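Topology and contacts: notes
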Amino acid sequence: MTWNLYDRLLASAGSDQSISIERESGATLTYADLSAISGRLAGFLASIGVGPDHRVAAKVEKSVEAIALYLATLRAGATYLPLNTAYTAAETEYFVRDAQPTLIVCDPREAADLRAIAAKAGGRVETLDQYGKGSLVDAAAGRPTNFDTVPRNKDDLAAILYTSGTTGRSKGAMLTHGNLVSNALTLVEQWRYSRNDVLIHALPIYHIHGLFVACNVTLAARSRILFMPKFDAEQILAAMARSTVLMGVPTFYVRLLQSPSLNARTTAHMRLFVAGSAPLLADTHRAWKEKTGHEILERYGMTETGMIASNPYEGARIPGSVGRPLPAVEVRITDPETGNKLSTDEVGMIEVKGPNVFSGYWNMPEKTAAEFRADGFFITGDLGKLDRSSYLYIVGRGKDLIITGGFNVYPKEIEAEIDAIPGVSESAVVGVPHADFGEGVTAAVVRTPGATVDERAILDALSGRLAKFKQPKRVIFVDTLPRNAMGKVQKNLLRERFGNLYSIKVG
Ligand code: AMP
């Protein structure tokens, strides 16, 4: 059998009348429909010369047709390149110039911008809107529904996903058919996915979580997807009565917890709540269990590696831990300076090796070489530790580590202490340039509604709990923490905002 991800996910889907995707309107597509639509689109792609060694960029709103385009690209043997819909024209131009897609599919509202970019960088432009309409679908309309999926090998590219690039230029992570097949099949097994499952899909589909985890796993198991254009707490709660799985970023769970309708009854039909893409607070895990009786299953992964670790389906799901490495995935903790392996419970760099790990950064051989060890381990950039039972704990991104007066401070430790103070809803701790200390530990804190806790109270509460060098020099109250679409706190924005807090003396 070929390694083409489409074949592995949807082999024999051609005649399967079970429902694959249900739109917000209630209209449904069967697996056979999905196969037919993707067959037509693949036929169109092939007719314009898209095949192996070609890339199809998609900067489109969430729609079932966008999923069909993803599948069609795989079937044509080409590489799928989803782009975040929030990118500006200048950012998009960078990606198009870098990746040189043969076809760019965009929202009709952006067609003029994209045509101008394509005129300079090359590539043909077609449109697809949020309702699944546009020149792409028109062009594919009369084509045959069957298409012979192009065989692909394990190491052939299936997708390029650009990392969010908060430090320097975004990098295009090259993911192979082998990477995506292995991760999808592992998760089907680990999370006990079956045909009886119904997934609530409210994530964006330009990111690994919503596309490769949510869609690949669900399609591979031949389960049903309830496709929602965006996160809407009440809509999700209403869907739970006929669903079994929710995959979300931690913010989903925080927001759902605010709804009075969340309780054991509303969630009774659900069997699995998965969280990832950003840290799930142990408090959120506990509050969810208290209200619903369900334990959220937290997992850890990244664009370059797919999923790395997961809490178990059966067995202890430990709040604050991302669980154990997945089968066939090796995780080790190393000294960030020397690369030497560290022991149990020691905090260091998380490194990973396995069939899930990408093949390198597009057009960046030096960056690729710098982020792999000689023995094939990928240096994730995340800091963490493994405990005696091989549970992994993440303490933050390496670049968020604060070095103050020569001491290392891990923001997560400080955030956990601050979050435990009454009146605090959440916090983010960053290092900001400081004249005396190099970096000053600085906390951004969101109060719970109605709370009046102030800077003094927070500093007093921490003084008995943290060593002096770990205590924030300043506490700044904010209405909300800046987050990206995947719920990650954008610490770079906080560092910029607080940049002059301890102005450095020059000269
Ligand atoms: P992305 O490539 O956008 O998926 O971002 C990957 C990064 O998100 C990882 O390197 C981690 O820093 C973070 N991340 C993902 N899942 C978790 C998790 N469960 N807990 C903490 N951080 C996470």
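Above this text is the structure in question.
Reference entry: report on the structure contained in this document.

Conventions we followed
- Residues numbered from 1 in each chain as written.
- Predicted model: local features only at pLDDT ≥ 70, side-chain atom pairs only at ≥ 80, totals over all residues.
- Heavy atoms only, no water.
- Pairing = 2+ DSSP bridges.
- Helix = DSSP H or I, 4+ residues; strand = E, 2+ residues; numbered from the N terminus.
- Axes fitted to C-alpha atoms, helices over the stretch in contact; angles between N-to-C directions.
- Contact = heavy atoms within 4.5 Å.
- Polar contact = N/O pair within 3.5 Å; in protein donor to acceptor, adjacent residues only side chain to side chain.
- Buried < 20%, exposed > 50% of the residue type's maximum accessible area, 1.4 Å probe, protein only.
- Near = heavy atom within 4 Å.
- Areas by Shrake-Rupley, 256 points an atom, 1.4 Å probe, with all protein chains shown as cover.
- Arc of directions from axis to C-beta.
- Right-handed = clockwise from strand over helix to strand, strands pointing away.
- Phe/Tyr/Trp six-rings, centres within 6.5 Å; stacked < 30°, edge-to-face > 60°.
- Lys NZ or Arg CZ within 6 Å of the ring centre and 35° of its normal.
- Parallel < 35°, antiparallel > 145°, perpendicular 65-115°, else oblique.
- Left-handed = near helix turned anticlockwise from the far one by under 90°.
- Nonpolar A, V, L, I, M, F, W, Y, C, P; charged D, E, K, R; others polar.

**Remarks on the sheet that holds strand S25 (residues 474-477)**
Strand order in the open sheet formed by three strands is S23-S24-S25, and the pairing between neighbours is mixed. Both edges of this open sheet fall to strand S23 (424-434) and S25, since each of them pairs with a single strand only. The mean angle between the axes of side-by-side strands here comes to 25 degrees, regardless of whether they run parallel or antiparallel. Taken strand by strand, helix H14 (residues 455-463) contacts S23, strand S24 (438-447) and S25, and its axis lies near 135 degrees from that of S25.

**A closer look at the side chain of Glu371**
Considering the arrangement of structural elements, one finds Glu371 in the loop between helix H12 (365-370) and strand S19 (378-386). Side chain to side chain, Glu371 and Lys171 meet in a polar contact 3.5 Å long. When neighbours within four sequence positions are excluded, Glu371 is seen to be in contact with Lys171, Tyr361, Phe377, Phe378 and Ile379.

**With respect to the side chain of Thr244**
Mapped onto the elements of the fold, Thr244 is located in the loop between helix H9 (233-239) and strand S11 (245-248). For Thr244, a relative accessible area of 9% gives the class buried. The contacts of Thr244, once residues within four sequence positions are left out, are Asn196, Asp197, Val198, His269, Met270, Arg271 and Leu272.

**Some words on the site of the ligand**
Not every one of the 16 residues close to the ligand is listed here, only the nearest: Glu298, Arg299, Thr303, Asp382 and Lys488. Within the side chain of Asp382, one N or O atom sits 2.6 Å away from an oxygen atom of the ligand. Lys488 is positioned with one of its side-chain polar atoms (N or O) 2.9 Å from an oxygen atom of the ligand. Starting from 500 Å² of accessible surface for the ligand in isolation, the protein chains cover 90%. When contributions to the shell around the ligand are tallied by element, the ones reaching two or more residues are strand S13 (297-302) and strand S20 (392-397). Here the shell around the ligand gets five residues from one element, more than from any other, and that element is S13.

**Remarks on H14**
Residues Ile458, Leu459 and Leu462 constitute the buried set of H14. Buried residues in H14, looked at end-on, bunch into an arc of 95 degrees, giving them a common side. For H14, the secondary structure elements touched by its buried residues are helix H13 (411-419), S23, S24 and S25.

**Section: the pairing of strand S4 (residues 79-82)**
Side chains of S4 alternate between two faces, with Thr79 and Leu81 and Tyr80 and Pro82 buried alike. One ladder, built from four bridges, connects strand S3 (residues 55-59) with S4; its direction is parallel. Bridged to Ala57 within S4 is Leu81. Crossover S3 to S4 through helix H3 (residues 64-75) is right-handed.

**Observations concerning the sheet that holds strand S17 (residues 348-353)**
An order of S16-S17-S19-S20 is seen for the four strands of this open sheet, with the pairing classed as antiparallel. This sheet does not close on itself; its edge strands, each paired only once, are strand S16 (330-334) and S20. In this sheet, neighbouring strand axes are inclined to one another by 45 degrees on average, regardless of whether the strands run parallel or antiparallel. Taken together, the five bridges between S19 and S20 define a ladder with antiparallel strand orientation. Within the sheet, the bridge partner assigned to Gly384 lies in S20 and is Ile394.

**A closer look at the packing of aromatic side chains**
Tallying each qualifying case throughout the model produces 14 aromatic pairs. Ring centres of Tyr70 and Tyr80 lie 5.2 Å apart, and the angle between their planes is 50 degrees; on these two criteria the pair is classed as tilted. Here Tyr70 is found in helix H3, whereas its partner Tyr80 is found in strand S4, with 10 residues between them in sequence. Owing to a relative accessible area of 0%, Tyr70 belongs among the buried residues under this scheme. The interplanar angle of 35 degrees and the centroid separation of 4.5 Å between the aromatic rings of Phe231 and Phe252 together place this pair among those described as tilted. Linking Phe231 in the loop between strand S10 (224-227) and H9 with Phe252 in helix H10 (residues 250-257), this pair joins segments that are 21 residues apart in sequence. Phe252 shares its class with Phe231; the two are buried. For the cation-ring pair, Arg332 lies above Phe377, with the distance from its terminal atom to the ring centre recorded as 3.7 Å.

**Section: the environment of Thr2**
You can see Thr2 is positioned in the segment before helix H1 (5-10). Owing to a relative accessible area of 21%, Thr2 belongs among the partly exposed residues under this scheme. Along the primary structure Thr2 and Leu466 are separated by 464 residues, whereas in three dimensions their C-alpha atoms are 56 Å apart. Polar side-chain contacts of Thr2 include one of 3.3 Å to the backbone nitrogen of Arg152.

**Remarks on the packing of helix H2 (residues 31-47) against H3**
Axis separation between H2 and H3 bottoms out at 8 Å; the angle between their running directions is 60 degrees. As judged from the angle between their axes, H2 and H3 are oblique. Crossing handedness for the pair H2 and H3: right-handed. In this structure, H2 uses Leu34, Ser35, Ile37, Ser38, Gly39, Leu41, Ala42 and Leu45 to contact H3, whose residues at the interface are Glu65, Ala68, Leu69, Leu71, Ala72, Thr73 and Arg75. Among the residues forming the contact of H2 with H3, the class breakdown is nine nonpolar, four polar and two charged.

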